[in-house]
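# Report on the structure
Here is how the chains run, residue by residue.
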Amino acid sequence: MTKILLAYSTVDGHTLTICERIRRALEAAGGTVTLVTVEQAASLDLAGFDKIAIAASIRYGKHRPNVAEFVERHASLLAARPCAFFSVNIVARKPEKNRAETNPYVRKFLARVPWKPALADVFAGRLNYPALGPVDRTMIRFIMWITKGPTDPTGVYEFTDWARVDAFAAALARL
């Protein structure tokens, strides 16, 4: 059985939701998946995994610093294993920014870290205005207004292309 580490960093929880779907697909394909936060993964023996996937969300144009720190700390081990990375961000709702090679956040992250995963992708996330605090809600509404996205502060908007998530999981299973 293939042992797979799926480590994630999330702000609002949607990256975890995507990871749970990927975990189910990998387990259905015969893998054994350990799904943990990046912080929890830092204390694991990574050498015990056959494959490693890292998932990271964006808030205000940045991945959390601990994601890059994790990759930098374990770069040599990551280079020796089949690995994958995906980012979750609202910018990926736009067709011209919904691929790893066209998404500015994925490109910037992968250019910054000493790691080139065999598989990389980006998925549009979920925007849940009612769950945001007043400052975040105002800031994100402003960003959405500038980028011609939804601005109704009572709305919940799901942008995730679940078929793409499933295809990513299948590709990860084949790595």
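Look up: the structure comes first, before these words.
Nothing here was measured: the structure is a model prediction, and the numbers come from that model. All residue numbers here refer to positions counted from 1 along the written sequence of the relevant chain. It should be noted that, the model being predicted, local features are given only for residues of pLDDT at least 70 and side-chain atom pairs only at 80 or more, the latter also being counted only at that level, while totals for whole chains, interfaces and linings use all residues. Note that water and hydrogens are dropped before the side-chain values are worked out from all heavy atoms of the structure.

Attention now goes to a nonpolar patch on the surface. Patches here: salt-bridge-free residues with over 30% relative accessible area, like charges joined within 9 Å, nonpolar side chains (Val, Leu, Ile, Met, Phe, Trp, Tyr) joined within 5 Å. Residue exposure ignores everything except the shown protein chains as possible cover, and the areas themselves are Shrake-Rupley values with a 1.4 Å probe. Whenever Lys or Arg places a side-chain nitrogen within 4 Å of a carboxyl oxygen from Asp or Glu, that contact is recorded as a salt bridge. Together, Tyr60, Val135, Met139, Phe142, Ile143, Trp145 and Ile146 make up a nonpolar patch on the protein surface, roughly 750 Å² of accessible area in all. In this description a helix means any DSSP run of H or I spanning at least four residues, a strand means any run of E spanning at least two, and both kinds are numbered starting from the N terminus. Structurally, Trp145 can be placed in helix 6 (residues 134–146). Working definition: with a 1.4 Å probe on protein chains only, accessible area under 20% of the residue-type maximum means buried, over 50% means exposed, and in between means partly exposed. On the basis of relative accessibility, which here comes to 60%, the residue Trp145 falls in the exposed class.

Attention now moves to the nonpolar core. For soluble globular proteins, the rule of thumb is that nonpolar side chains tend to be buried together. Take the buried Ala, Val, Leu, Ile, Met, Phe, Trp, Tyr and Cys residues and link them wherever side-chain atoms come within 4.5 Å; each set so joined is a nonpolar core. Core analysis: the largest hydrophobic core is formed by 27 residues, its most contacted members being Leu5, Ile52, Ile54, Phe85, Phe109 and Trp115. Listed by contribution, the elements that provide at least two residues to this core are strand 1 (3–9), helix 2 (38–41), strand 3 (51–59), helix 3 (65–73), helix 4 (75–79), strand 5 (83–88) and helix 5 (104–112). No other element matches helix 3, which puts four residues into this core. Sequence-distant contacts of Ile54, that is, excluding residues within four places in its chain, are made with Ala7, Val67, Phe70, Val71, Leu78, Ala84, Phe85, Phe86 and Trp115. Core analysis: the second largest hydrophobic core is formed by 20 residues, Ile22, Ala53, Ala84 and Val165 among them. Contact between two residues is taken to exist if any of their heavy atoms lie within 4.5 Å; hydrogens are not considered.

Following the sequence through the fold, Asn66 ends up in helix 3. Among the residues examined, Asn66 registers a relative accessible area of 17% and is labelled buried. Once you skip the residues sitting within four places of it in the chain, Asn66 turns out to touch Ser9, Val38 and Glu39. Within the local environment of Asn66, its side chain forms a polar contact with the side chain of Glu39, the two groups lying 2.4 Å apart. N or O atoms within 3.5 Å of each other form a polar contact, as long as, within protein, one can give a hydrogen and the other can take it, and as long as residues adjacent in sequence are counted only when both atoms are side-chain atoms.

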